[in-house]
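A closer look at the structure
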Amino acid sequence: MAFLDNSGDIILDAVLTDTGRMRLAKGDGSFSISQFALGDDEIDYSLYNKTHASGTAYYDLEILQTPVLEAFTNNVSSLNSRLITISDTNVMYMPVMKINELAGPARHAVGAYVVMVDSDTESSEGTAGGKYIYGFNGAAQGDNYIRLDQGIDNVNVAPATTLSPQLRETSYMVQIDNRFASITDASNTSIKVARLIDDDNIATYVFSETDDASTMVTDNGVTTGDNQVIAGARGTILQFSFQASTELNTSIQLFTDLGSTEVASSGPMSLQAASYYIDTNVSVLGLTTGYRIDIPVRFLKKQAAS
Amino acid sequence: MATTFKSLTTSDKVSTRTLLHEAIPLTGTILSGTYSDNNIKNFSHGMFQSVYDYPYLSSSANHIMDITVGYSSDSGLSSSANTQNSKKINIYNQMAQVLVGHDHTGAILRFDQDGDIVSGGTKLNECFFLNFSRLLTKDEIKKGSFAITVMTGGTYAARLNDLVISDSGAASDYRVNSPAGEYAVLYPESGGAVGRKVGLIYYQAGIVVLTASIFGESNKTGSSATNPFVPNTGSNYFGDGDVSGRIETNVPEMFRAAEISSSCNGFRNRLVNIAFNNTVELNSTIYFCRAAHNEFNYSANPTYLTESKIRVKNEAADSPISYITTVGLFSADNEMLAVAKLSEPLKKDPTNELTLRVRLDY
């Protein structure tokens, strides 16, 4: 997309998203706009210069000169970072989400969570002591999930501090390409149902402390530093895992279309057998705080013996 | 509780309807000359001729209009001995049944000179049809904006006698008794023919019907006008002379002897200018996205925080600041249905309130 002309009056470039057009075409009344959100995807707040020699009027000079891209029509490409309404204007610290690899399973050395999609792969790689998630027979495994901790990551807000209800996340939205996997609870015993699957095959799940307590969204009551990645006041924990899709389980089509291969032993993953893999991201959005984190995930499938 | 959404109330939405107009000028050289007729497409069925704005084999070509001719079976020119007699009648009938309709017996009505079909009156039995592409007319041709300049005299090779025909005054004087929508009568703007009814323009259909009699004696203008029915020399003709052994020396002869495509060539080469304004009916919904002083002052942008501390604040009492670049419009199930981008970041802090007016056009 090109930049918008910012030489004159402020203009607003509005388009329907692909999902909007799809719903409009359906004609079933599902195209109904009832709320709005504001975003600042292009803004780099590190450009805010609080020590500018010319004074406060110049603090955000560079930010205000940021060129803005035209609107994307892909519904998942815009509004990745949203503006938040918090009634208290004296908030100094805001919560973040971080992957907890201390209390929960760690990522593979390649930097992603590696999900094995069939029993052959699990037999081949799962016994090799690597850091893998069992995406086919996960229910039989322990520590087979991703854990995200939410809270204020600053020691100036002591862990024992009770996080303000305004900043404590109670609902999470998880988005994953539905062609690859479904989201399950941390123990892989319950495959969750996507709230909706859009035209780009992005499945959206919503988990809340009310509906998914104990299995997925739990309170982080730990006030010590043990196995914690949030340095300050802690909110909730989200844990989830994956059930590989039948398509990944039974076919290499998506792997050949979207993925790559790695040979045995000598590749970055030090695999036991040559395998296909697809890299993707799983997005987690806090519905209260608007904070979003993308988790790198790799789906792995052992190549059939030739 | 913190939130990233704000609900739109009924007072935040308004629907409007706007008519937009564009001026569409078509010069005669586009119609005949500029591209050596490589922008003219004839079909094996021979029923009409298409005009493009560029050689039609190019993917850049846009369809401008179709031209065809036809006469009623009641016309004095109709004869089974004529070239493509049935096709010319078929064309006339097809256009008539779409644009004029049928009588109570189901018979196709003929084009009426003044649109007063019930009272009878003079019919347009021999017609040229200009069917403009929807690309140009959009929803409809703007009433009162149409003008066409035709050379009614002289010869194919040496054309004379510009006749400007328009629907002047049609904005407040048009007919509504056509099954194809609103239409008006076309009048010459100058010369001895002023006041004559020489055609009809159907606004929603984007079709102009011109009587062949505009090329008749009575439309001559100026003392040097040449009688169009009588060519200067035997080698001149109205059509393009593609009928072996025949020369279409005048319009009646053209209707009898020439193929439709040849007649279209003759007519097209006499077009000097066509101009009209099109109309787009724009239905819009405007969403007023109101950010109150205490809303949207914080951001979930990853760069907004450093170790969870807000970058734009030195101390807690400082005002939070955020910068808006995007407005997302959502359904109740949090699916983004539309997105709008500001051309430059807009500062939001507790000292200001903003109303962003997002218009979606349908």
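Let me begin by describing the structure that accompanies this report. (Residues numbered from 1 in each chain as written. Chains lettered and ligands numbered in written order. Predicted model: local features only at pLDDT ≥ 70, side-chain atom pairs only at ≥ 80, totals over all residues. Heavy atoms only, no water.)

With respect to the overall build of chain A
Stated precisely, the cut-off is as follows: A run of DSSP states H or I qualifies as a helix once it reaches four residues; a run of E qualifies as a strand once it reaches two. Both are numbered from the N-terminal end. Think of it in three bands: with a 1.4 Å probe and only protein chains considered, a residue is buried below 20% of the maximum accessible area for its type, exposed above 50%, and partly exposed in between. For this count, His and the chain ends are skipped, Lys and Arg are scored as positive, and Asp and Glu as negative. We put the charge of a Lys on NZ, of an Arg on CZ, of an Asp on CG and of a Glu on CD.
Within chain A, the secondary structure is distributed over 5 helices and 16 strands. If you line up chain A on its principal axes, its C-alpha atoms span 65 × 50 × 40 Å. When burial is assessed residue by residue, chain A has 51% of its 306 residues classed as buried. Placing the 18 positive and 37 negative side-chain charges of chain A at their respective mean positions leaves the two points 5 Å apart.

Concerning the pairing of strand E8 (residues 171–177) of chain A
Residues and elements named next belong to chain A. Formally: Here, a strand pair is defined by DSSP locating no fewer than two bridges between the strands.
Counted residue by residue, E8 has 7 buried out of 7 residues, so it is predominantly covered. The two faces of E8 match: Ser171, Met173, Gln175 and Asp177 on one face and Tyr172, Val174 and Ile176 on the other face are all buried. Here 7 bridges tie E8 to strand E11 (residues 202–208), and the two strands are oriented antiparallel to one another. Its bridge partner being in E11, Ser171 is matched across the sheet by Ser208. Where E8 and strand E15 (residues 275–286) come together, 4 bridges link them in antiparallel fashion. Of the residues in E15, the one forming a bridge with Met173 is Leu285.

Regarding the interface of chain A and chain B
Heads up, the rule is: Throughout, a contact is declared for two residues whenever any of their heavy atoms are within 4.5 Å. Note on terms: buried area is the combined drop in 1.4 Å-probe accessible area of two parts once they are placed together, counting the loss on both. Any Lys or Arg side-chain nitrogen found within 4 Å of a carboxyl oxygen on Asp or Glu counts as a salt bridge. Two N or O atoms form a polar contact when they lie within 3.5 Å of each other; inside protein one atom must be a possible hydrogen donor and the other a possible acceptor, and for residues adjacent in sequence the pair counts only when both atoms belong to side chains. Any residue outside Ala, Val, Leu, Ile, Met, Phe, Trp, Tyr, Cys, Pro, Asp, Glu, Lys and Arg is labelled polar, Gly included; the first ten of those are nonpolar and the last four are charged.
Taken together, the contact between chain A and chain B spans 78 residues of the former and 72 residues of the latter. Overall, the association of chain A and chain B removes approximately 7,000 Å² of surface from exposure, summing both partners, and the carbon and sulfur fraction of that is 60%. Summed over the shared surface of chain A and chain B, the result is 3 salt bridges. In this structure, A:Glu42 and B:Lys341 form a salt bridge, with 2.6 Å as the shortest nitrogen-oxygen distance. For the pair chain A and chain B, the number of links is 44 residue pairs in polar contact (both at pLDDT 80 or more). Of the residues assigned to the side of chain A that touches chain B, the class counts are 37 nonpolar, 26 polar and 15 charged.

Observations regarding the environment of B:Ala332
Residue and element names in this part refer to chain B. Along the chain, the position of Ala332 falls in the loop between strand E20 (322–330) and strand E21 (336–348). What makes Ala332 exposed here is its relative accessible area of 64%. Counting along the chain gives 325 residues from Ala332 to Ser7, while the straight-line C-alpha distance between them is 8.9 Å.

Let's talk about the nonpolar core
Where we set the bar: For this analysis, a nonpolar core means a set of buried residues of the types Ala, Val, Leu, Ile, Met, Phe, Trp, Tyr and Cys, connected via side-chain atoms within 4.5 Å.
Counting 86 residues, the largest nonpolar core has A:Leu238, A:Phe240, A:Phe242, A:Val284, A:Phe299 and B:Leu329 as its most contacted members. Element by element, the count of residues in this core is highest for E21(B), at 5 residues. For A:Phe240, the contacting residues outside a window of four places in its chain are A:Tyr145, A:Ile146, A:Leu148, A:Ile183, A:Thr184, A:Asp185, A:Ala186, A:Met216, A:Val282, A:Val284 and A:Ile295. Within the second largest apolar cluster, 63 residues are counted, among which are B:Ile64, B:Phe128, B:Phe129 and B:Val150.

Observations regarding the packing of aromatic side chains
Spelled out, the test is: Any pair of Phe, Tyr and Trp rings, taking the six-membered ring for Trp, is counted once the centres come within 6.5 Å. Such a pair is stacked with planes under 30 degrees apart, edge-to-face with planes over 60 apart, and tilted for the rest. Placement of a charge over a ring requires the Lys NZ or Arg CZ to be within 6 Å of the ring centre, with the centre-to-atom vector within 35 degrees of the ring normal.
For the coordinates displayed, the defined rule picks out 25 aromatic pairs over all chains. Taken together, a centroid distance of 6.3 Å and an interplanar angle of 85° make the contact between A:Phe31 and B:Tyr362 edge-to-face. Pair noted here: A:Phe31 is in the loop between helix H1 (18–26) and strand E2 (35–39) and B:Tyr362 is in the segment after strand E22 (354–361), and the two residues belong to different chains. Since its relative accessible area comes to 16%, A:Phe31 is described here as buried. B:Tyr362 sits in the partly exposed class, given a relative accessible area of 36%. With centroids separated by 5.7 Å and ring planes inclined at 50°, the aromatic side chains of B:Phe111 and B:Phe129 adopt a geometry described as tilted. One end of the pair, B:Phe111, is in strand E6 (residues 111–112); the other, B:Phe129, is in strand E8 (residues 126–132), and 18 residues separate them in sequence. The same class applies to B:Phe111 as to B:Phe129, namely buried. Three or more aromatic residues joined by ring pairs form one cluster here, namely B:Tyr92, B:Phe111, B:Phe129, B:Tyr183 and B:Tyr202. The ring centre of B:Tyr174 lies 4.7 Å from the NZ or CZ of B:Lys143, which sits over that ring. Lying across the ring of B:Tyr203, B:Lys143 places its NZ or CZ 5.5 Å from the centre.

Keep in mind these numbers describe shape, not what the thing actually does.
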